[in-house]
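Reading the structure
Chain by chain, the residues run as shown.
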Number of protein chains: 2
Amino acid sequence: MERITATYYIETPLDLEKAAQVLAGEQSSGTFIAVPGETQELKARFAARVESIVKLDASTEPSIPSIKLKPGTYQRATIKVSWSIENFGYNLPVLISTLQGNLYELTQFTGLKLMDIDFPTSYSSAYKGTRFGIEGCRKLTNVYGRPLIGTIIKPSIGMSPEQTAALVKTLAEAGIDFIKDDELLGSAANSPFEKRVDAIMEVINRQADITGKKVMYAFNISDELDQMQRHYEKVVSAGGTCAMISLNSVGLAGVKKICDNGALAIHGHRNGWGMLNRHPLLGIEFPAYQKLWRLAGVDQIHVNGIQNKFWESDDSVVTSIEACLTPLLGGYSVLPVVSSGQWGGQAPETYRRTKTVDLLYMAGGGIMAHPDGPAGGVLALQQAWEGAVAGLSIEQIAAKYPEFNNSVRLFGNK
Amino acid sequence: MERITATYYIETPLDLEKAAQVLAGEQSSGTFIAVPGETQELKARFAARVESIVKLDASTEPSIPSIKLKPGTYQRATIKVSWSIENFGYNLPVLISTLQGNLYELTQFTGLKLMDIDFPTSYSSAYKGTRFGIEGCRKLTNVYGRPLIGTIIKPSIGMSPEQTAALVKTLAEAGIDFIKDDELLGSAANSPFEKRVDAIMEVINRQADITGKKVMYAFNISDELDQMQRHYEKVVSAGGTCAMISLNSVGLAGVKKICDNGALAIHGHRNGWGMLNRHPLLGIEFPAYQKLWRLAGVDQIHVNGIQNKFWESDDSVVTSIEACLTPLLGGYSVLPVVSSGQWGGQAPETYRRTKTVDLLYMAGGGIMAHPDGPAGGVLALQQAWEGAVAGLSIEQIAAKYPEFNNSVRLFGNK
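What counts as what
Residues numbered from 1 in each chain as written. Chains lettered and ligands numbered in written order. Predicted model: local features only at pLDDT ≥ 70, side-chain atom pairs only at ≥ 80, totals over all residues. Heavy atoms only, no water. Helix = DSSP H or I, 4+ residues; strand = E, 2+ residues; numbered from the N terminus. Rg over C-alpha atoms; globule rule 2.2 N^0.38 Å. Buried < 20%, exposed > 50% of the residue type's maximum accessible area, 1.4 Å probe, protein only. Contact = heavy atoms within 4.5 Å. Lys, Arg positive; Asp, Glu negative; His and termini not counted. Charge placed at Lys NZ, Arg CZ, Asp CG, Glu CD. Least-squares fit on C-alpha atoms with pLDDT ≥ 70 in both. Buried area = accessible area lost by both parts, 1.4 Å probe. Salt bridge = Lys/Arg side-chain N within 4 Å of Asp/Glu carboxyl O. Polar contact = N/O pair within 3.5 Å; in protein donor to acceptor, adjacent residues only side chain to side chain. Pairing = 2+ DSSP bridges. Right-handed = clockwise from strand over helix to strand, strands pointing away. Core = buried A, V, L, I, M, F, W, Y, C linked by side-chain atoms within 4.5 Å. Arc of directions from axis to C-beta. Disulfide = S-S within 2.5 Å. Axes fitted to C-alpha atoms, helices over the stretch in contact; angles between N-to-C directions.

Now for the overall build of chain A. A count of helices and strands for chain A gives 18 helices and 13 strands. For chain A, the C-alpha radius of gyration of 23 Å lies close to 22 Å, the compact-globule estimate for 414 residues. Overall, chain A is about 75 × 45 × 40 Å in size when its C-alpha atoms are taken along their principal axes. Considering chain A as a whole, with its 414 residues, one finds that 65% of them fall into the buried category. Residue pairs in contact within chain A that sit at least 24 positions apart in sequence constitute 75% of those at least 6 positions apart. The centroid of the 39 positive side-chain charges in chain A is displaced by 1 Å from the centroid of its 42 negative side-chain charges.

It is worth spelling out the relation of the copies chain A and chain B at this point. Take chain A, turn it by 180 degrees, move it 0.0 Å along the axis, and it overlays chain B with an RMSD of 0.0 Å. This pairing of chains is accounted for by a two-fold axis. Taking C-alpha positions as the reference, the residue of chain A nearest the rotation axis is Gly251 of chain A, at 1.8 Å. Of the interface residues in chain A, 100% have counterparts in chain B that sit at the interface too, so the contact is made through matching surfaces.

Where interface size is quoted, it is often the accessible area lost as the parts come together. With 97 residues of chain A at the contact, the number on the chain B side is 97 residues. When chain A packs against chain B, the two sides together hide about 8,300 Å² of surface, and 59% of this comes from carbon and sulfur. On the surface where chain A and chain B come into contact, there are six salt bridges. Across the pair Lys256 of chain B and Glu224 of chain A runs a salt bridge whose closest N-O atoms are separated by 3.4 Å. The tally of links between chain A and chain B comes to 44 residue pairs in polar contact (both at pLDDT 80 or more). Elements represented by at least two residues in the side of chain A that touches chain B include exactly α2 (40-46), α3 (92-99), α8 (225-237), α9 (247-250), α10 (252-259), α11 (273-277), β10 (282-284) and α15 (365-368) of chain A. Sort the elements by how many residues they give to the side of chain A that touches chain B and α3 of chain A lands first, with six residues.

Our next topic: the pairing of strand β12 (residues 335-338) of chain B. Residue and element names in this part refer to chain B. The alternating pattern of β12 places Leu335 and Val337 on one face and Pro336 and Val338 on the opposite face, and all of these are buried. The pairing of strand β11 (residues 300-304) with β12 spans four bridges and is classified as parallel. Bridge assignment links Gln300 to a residue of β12, and that residue is Leu335. One ladder, built from two bridges, connects β12 with strand β13 (residues 360-362); its direction is parallel. Among the inter-strand pairings, Val337 is bridged to a residue of β13, identified as Leu360. The parallel pair β12 and β13, bridged by helix α14 (residues 347-354), forms a crossover whose chirality is right-handed.

It is worth spelling out the pattern of salt bridges at this point. All told, the structure shown has 46 salt bridges over all chains when counted by the stated rule. A salt bridge links Arg45 of chain B to Glu86 of chain B, with the shortest nitrogen-to-oxygen separation between them at 2.7 Å. Within this pair, whereas Arg45 of chain B is found in helix α2 (residues 40-46), its partner Glu86 of chain B is found in the loop between β3 (74-84) and α3 (92-99), the two being separated by 41 residues in sequence. When salt bridges that share partners are traced, they join Arg131, Lys256 and Asp260 of chain A together with Glu224 of chain B into one network.

Here we take up unusual backbone geometry. Residues and elements named next belong to chain A. Cis rather than trans, the peptide bond between Lys154 and Pro155 has omega equal to 0 degrees. Here Pro155 shows up in the loop between β5 (148-152) and α6 (161-173). The phi torsion at Ser340 lies on the positive side, around 90 degrees, for a residue other than glycine. Within the secondary structure layout, Ser340 lies in the loop between β12 (335-338) and α14 (347-354). Classification of Ser340 by relative accessible area gives buried; the value is 10%.

What follows deals with the nonpolar core. Generally speaking, nonpolar side chains in soluble globular proteins are found buried as a group. Ranked by size, the top nonpolar core spans 233 residues in total, and within it Tyr8 and Tyr123 of chain A together with Tyr8 and Tyr123 of chain B carry the most contacts. Sequence-distant contacts of Tyr123 of chain B, defined by excluding residues within four places in its chain, comprise Ile4, Ile85, Phe88, Gly89, Tyr90, Leu92, Leu95, Leu295, Leu329 and Tyr332 of chain B.

Here we come to helix α18 (residues 402-411) of chain A. Residues and elements named next belong to chain A. Three or more residues of α18 are buried, namely Glu403, Phe404, Asn406, Ser407 and Phe411. One side of α18 carries all its buried residues, which in axial view fall inside an arc of 155 degrees. With respect to the buried face of α18, the exposed residues turned more than 90 degrees away are Pro402 and Arg409. Elements that come into contact with the buried residues of α18 comprise α15, α16 (373-389) and α17 (394-400).

As a further point, take the state of the cysteines. A complete count under the given rule lists zero disulfides over all chains for this structure. The thiol of Cys324 of chain A is not disulfide-bonded; the next cysteine sulfur, from Cys137 of chain A, is found 12 Å away. Cys324 of chain A sits in the buried class, given a relative accessible area of 2%. Cysteine Cys242 of chain B shares no disulfide, and the gap to the nearest cysteine sulfur, in Cys137 of chain B, comes to 6.7 Å.

Here the focus is the sheet that holds β3 of chain B. All names here are of chain B. Taken together, five strands build an open sheet; the order of strands is β2-β3-β1-β4-β10 and the sheet is mixed. The two strands at the open ends of the sheet, each matched to only one other strand, are β2 (49-59) and β10 (282-284). Along the sheet, successive strands turn relative to each other by an average axial angle of 15 degrees, direction set aside. Pairing analysis gives seven bridges linking strand β1 (residues 3-12) to strand β4 (residues 111-118), with the strands arranged antiparallel. From the neighbouring strand, Thr7 faces β4, where its bridge partner is Asp116. Most of the contacts of α3 go to β1, to which it runs at about 35 degrees, and overall it touches β1, β3 and β4.

Quick look at the structure:
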């Protein structure tokens with residue numbers, strides 16, 4: 001019978017073997033007193049199994065403050081635990097409750113992070129997953145051989161549909177590939193969703209008629225389910241190609257249900273992610289997280305960016321990009337969305353570390369505030385990536401391209 | 001215009017006033033360079049507003065390890081920030097992205113926890129919320145004047161529908177009010193959901209015909225959306241009164257969509273909660289969390305229990321129970337589910353601290369393993385609560401009631 005294997009980074013005041021058994025027991029057949037019916041045969045079939053334990057360093061203080069524990073030895077380790085798929089079948093929410101669930105509550109762990117999940121091959125027939133992924137998003141935007149260049153409508157909230165559409169027109173004429181709503185904007189008082197879609201898609205469709213290039217606009221449809229579905233259909237009927245969902249705010253069941261429509265590329269925004277990940281020994285790491293959303297059908301997912309304005313290290317960002325580009329069961333391609341303080345200057349380092357152009361590279365103020373105007377801003381980003389792929393440094397790219405050089409003058413000290 | 005106010009517990013290396021402004025700016029109109037269209041009028045209408053700052057203690061080390069920061073002064077505070085409801089209207093996912101979202105990513109905070117949310121009165125017409133709540137669950141089980149006594153089917157996973165039904169029969173005959181699936185059990189290979197419902201409801205319905213009392217069974221319907229809906233309908237058609245959902249695993253949009261059916265009491269399981277809450281300065285506190293689920297329509301929600309087997313302190317459990325019992329916009333009554341290592345011995349302390357019997361009091365092994373059999377186990381729990389309400393100590397209750405006395409002999413040293 002196929003098994004699912006989860007990798008955890010743990011910290012425990014117990015003996016490692018004992019701690020691992022507690023984890024496996026709690027998440028398959030645990031209770032604090034034995035009850036009738038708990039046969040050996042049953043245990044063997046449904047019990048979680050500790051597959052490996054790799055001992056790491058130790059600390060004298062628990063990583064997560066724990067009122068019920070005293071100073072002592074808190075041993076860290078990487079452990080792998082597996083479950084038969086007979087336990088949950090093809091049910092991602094119950095899978096999550098099994099692999100995570102009450103584990104974070106156990107005093108036996110002073111730190112626990114789900115690092116990765118290995119799915120068995122039968123999951124590839126159970127989950128349709130992403131309908132567009134990297135190739136599909138390239139096809140929809142007609143961008144090949146370089147990252148898709150994108151931007152976010154700012155200010156995040158407060159602009160009318162007409163103001164937004166005017167900004168979209170400017171950006172479309174500047175040659176942008178992708179634009180998105182901010183995650184704060186669903187349907188605001190002065191920017192009702194339908195009106196925004198109509199105003200923006202009129203601009204995008206007209207521009208597409210002229211140039212043959214349709215800008216991909218990720219409308220934020222995050223909402224309760226029926227409303228999300230209505231907004232999804234609105235985007236489809238207006239000729240849009242993409243919808244954005246705040247993954248953590250909407251949740252897995254809602255996101256999958258919307259993805260299953262299959263008509264739009266889904267831009268997965270991971271806001272709230274820091275809550276699940278910021279502590280080194282609590283939560284879930286991106287390699288595990290992104291697999292769940294790929295199976296659910298998300299085509300694009302945020303990975304932060306090199307030299308970002310947030311807390312996350314470059315190493316972590318690189319790991320996330322690599323996770324997205326690692327094949328999953330032969331499919332479920334997902335486009336990493338690089339954002340947060342990006343202006344083009346991070347392109348050389350991003351390329352040096354990831355060796356990929358399969359990215360959606362998002363720049364915020366860097367485009368609109370560019371000295372040569374938005375067209376100069378978009379061009380500068382393309383130049384940054386051309387130079388990055390050619391192995392040039394920021395200085396070398398600036399020497400070669402005047403628009404990128406102007407970006408450096410504006411943002412180089414950020 | 002109505003505003004929503006969020007209360008945060010923060011830690012920051014910045015001046016408090018500055019940090020609070022960063023929070024407000026990031027979650028309403030922030031970008032790293034000013035762009036055209038960001039008018040003063042627009043800012044005034046949609047900008048988040050810092051309402052209050054209460055300075056607390058400070059630390060020389062950040063609470064969350066932060067590679068981008070050096071030792072210094074990390075000041076803690078409670079701050080309140082408000083948003084006009086014009087920003088998001090009645091859209092809980094976008095509300096969550098606004099009140100939490102990228103905040104956890106900011107280097108300006110080395111700790112951030114959402115403590116509470118104050119909703120304006122118009123939310124009471126926008127959200128139907130809980131259909132049953134405390135009174136509805138009492139009516140469905142015909143239990144008044146004491147906590148509902150419940151238990152969880154253990155082993156969590158591996159029993160056949162017939163074995164489970166046999167256990168339910170024993171428990172029903174023992175006088176239990178409530179039984180639930182474990183969160184690990186959705187539809188396992190040897191316990192397909194439909195078959196389990198049929199087998200269990202046959203027992204429960206027959207018992208109800210005899211005694212007039214219908215045991216409330218929370219079938220775990222957690223799954224992807226269409227399947228959840230099918231399973232919900234199956235429970236309804238079989239005469240069930242309750243369905244359980246793992247809130248964090250399914251997510252808000254999915255949970256609300258299911259609650260909106262309105263035919264079953266929804267048992268909200270918070271597994272995964274430790275990830276969102278275990279660190280004192282990261283995530284969300286229960287008073288904020290439970291409000292979101294009440295608006296979504298969850299009728300029962302887990303609060304852990306006094307002297308629980310998990311990491312959580314009794315103070316935190318008491319705060320959670322109080323949060324559930326605090327009226328929300330004149331409605332949205334929710335029944336706190338007390339569980340984790342409960343055997344009746346915690347009843348006096350639970351009552352002493354909360355002064356309520358509006359609880360669903362869950363005991364696991366404590367019922368089935370009772371020396372006088374399951375009926376003795378259920379009776380002992382009722383006795384524990386009778387004694388607790390009368391102000392008796394464990395010893396006094398044990399002296400008065402033989403069945404509870406036998407519980408003490410079995411569990412008293414746990």
